[in-house]
Amino acid sequence: MGIEKGLFQRTELLLGDDVMERMANARVIIFGIGGVGSWCAESLVRTGIRHLTIVDSDRVCMTNINRQLHATTKTVGAVKTEVLKQRLLEINPKAEITAIQRIYNEETSDSFDLASYHFVIDAIDSLGSKAHLIRTVTRTNAVLFSSMGASLKLDPTRIKIAEFWKVNGCPLGSALRKKIRKGEKPARKFLCVYSDELLQNRGQQATCGTEKCLCPKAEAGPGDPELVNHEWCSMKAQINGTAAHITAIFGFTLAGLVVQAINSQQYTVDSDQESN
């Protein structure tokens, strides 16, 4: 493993050579690398995941800085997937990081070979896209872990893990179950990270007000030309407050579920992952 041997020495002490080998062979894809997904990606690469695909359509906005790993005053306006990829490669230059700037939805889903992954992390905000991803992944052999809503939370002790149908007290989880009940049910069970805490916004809505602000539609910038003025803020009925320690714990918990599954051999690393 060369340089990786030193990088993961402390993790190897904890998990052993065989688990680290399985970690290095596992293939993971994360949909959504915002406040939750970005921290999940960092934790996975620092733990020994080498094959990681990160998917997000956005560029960094000033309002991302309070909670998203790759967002700084220097990266505002940059494509999120590219910024995060460079950071992850600085952690492990031998990692194979695939960065995809794309929206996941019903129209684009066929462009992702979900059956080729061992683990799929759902950190998508959009309810419709989230439901579609869940239905699609659960028809493959990939292990799915999903994040419920991480906004309007402050108490880290109320963050929990539960099977999707047993998530209680989470408005996003409730809305997602309602939407899924109207169509095809997930083919199998999967675990979710959630919190039953629900606070109220106390501040007032406002755009970030900078010249690189993506809240008003941008006219130029890097990345996919078709996504240069893409942003989610104007599509939301309400924007809710968030805090870094909550979104990070959500992301770290998702990463922990992957590591636990690898450690306990709850999946098999095959050269070709096939769907059910």
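Look above for the structure.
Residues numbered from 1 in each chain as written. Predicted model: local features only at pLDDT ≥ 70, side-chain atom pairs only at ≥ 80, totals over all residues. Heavy atoms only, no water.

Visitor: Could you give an account of the overall build of the protein chain, naming the residues involved and the relevant values?
Guide: When its secondary structure is counted, the protein chain shows 8 helices and 7 strands. Each of the 276 residues in the protein chain was classed as buried or not, and the buried ones make up 50%. A separation of at least 24 residues holds for 75% of the contacts in the protein chain among residues at least 6 apart in sequence. With an accessible surface of roughly 13400 Å², the protein chain has 49% of that area assigned to carbon and sulfur atoms. (Helix = DSSP H or I, 4+ residues; strand = E, 2+ residues; numbered from the N terminus. Buried < 20%, exposed > 50% of the residue type's maximum accessible area, 1.4 Å probe, protein only. Contact = heavy atoms within 4.5 Å. Areas by Shrake-Rupley, 256 points an atom, 1.4 Å probe, with all protein chains shown as cover.)

Visitor: Account for the packing of aromatic side chains, with residues named and values stated.
Guide: Under the counting rule described, the total for this entry stands at 7 aromatic pairs. Plain terms: the ring middles of Phe31 and Tyr104 are 5.1 Å apart, the flat faces sit at 65 degrees to each other, and that makes the pair edge-to-face. Of the two residues, Phe31 is situated in strand S1 (residues 27-31) and Tyr104 in the loop between strand S3 (96-100) and strand S4 (119-122); the sequence distance between them amounts to 73 residues. Classification of Tyr104 as buried rests on a relative accessible area of 5%. Ring geometry for Phe164 versus Trp165: centroids 4.9 Å apart, planes at 65 degrees, classification edge-to-face. Aromatic ring contacts, followed pair by pair, group Phe31, Tyr104 and Phe112 into a single cluster. The residue whose ring lies beneath Arg102 is Phe112, and the NZ or CZ to ring-centre distance is 5.2 Å. (Phe/Tyr/Trp six-rings, centres within 6.5 Å; stacked < 30°, edge-to-face > 60°. Lys NZ or Arg CZ within 6 Å of the ring centre and 35° of its normal.)

Visitor: Tell me about the packing of helix H4 (residues 37-47) against helix H5 (residues 80-91), and please be specific about residues and values.
Guide: Two elements in contact, H4 and H5, have axes whose closest approach is 10 Å; the angle formed by their N-to-C orientations is 20 degrees. With respect to each other, H4 and H5 are oriented roughly parallel. For the pair H4 and H5, the crossing hand works out as right-handed. Touching Ser38, Ala41, Glu42, Val45 and Arg46 of H4 are Leu84, Arg87, Leu88 and Ile91, all from H5. The residue inventory of the contact of H4 with H5, partitioned by class, reads 5 nonpolar, 1 polar and 3 charged. (Axes fitted to C-alpha atoms, helices over the stretch in contact; angles between N-to-C directions. Parallel < 35°, antiparallel > 145°, perpendicular 65-115°, else oblique. Left-handed = near helix turned anticlockwise from the far one by under 90°. Nonpolar A, V, L, I, M, F, W, Y, C, P; charged D, E, K, R; others polar.)

Visitor: Could you give an account of the sheet that holds strand S7 (residues 191-195), with specific residues and numbers?
Guide: The sheet built from 7 strands is open, its strands ordered S3-S2-S1-S4-S5-S7-S6 with mixed pairing. For this open sheet the edge positions go to S3 and strand S6 (159-163), each flanked by a neighbour on one side alone. For this sheet, the mean angle separating the axes of adjacent strands, direction not counted, is 15 degrees. (Pairing = 2+ DSSP bridges.)

Visitor: Let's hear about the nonpolar core: which residues, and what values?
Guide: Counting 39 residues, the largest nonpolar core has Leu44 and Leu52 as the members making the most contacts within it. Elements represented by at least two residues in this core include exactly helix H3 (17-25), S1, H4, strand S2 (51-55), H5, S4 and helix H8 (244-263). With 9 residues, H8 is the single largest residue contributor to this core. Ranked by size, the runner-up nonpolar core spans 26 residues in total, among them Ile29, Tyr117, Leu176 and Cys192. (Core = buried A, V, L, I, M, F, W, Y, C linked by side-chain atoms within 4.5 Å.)

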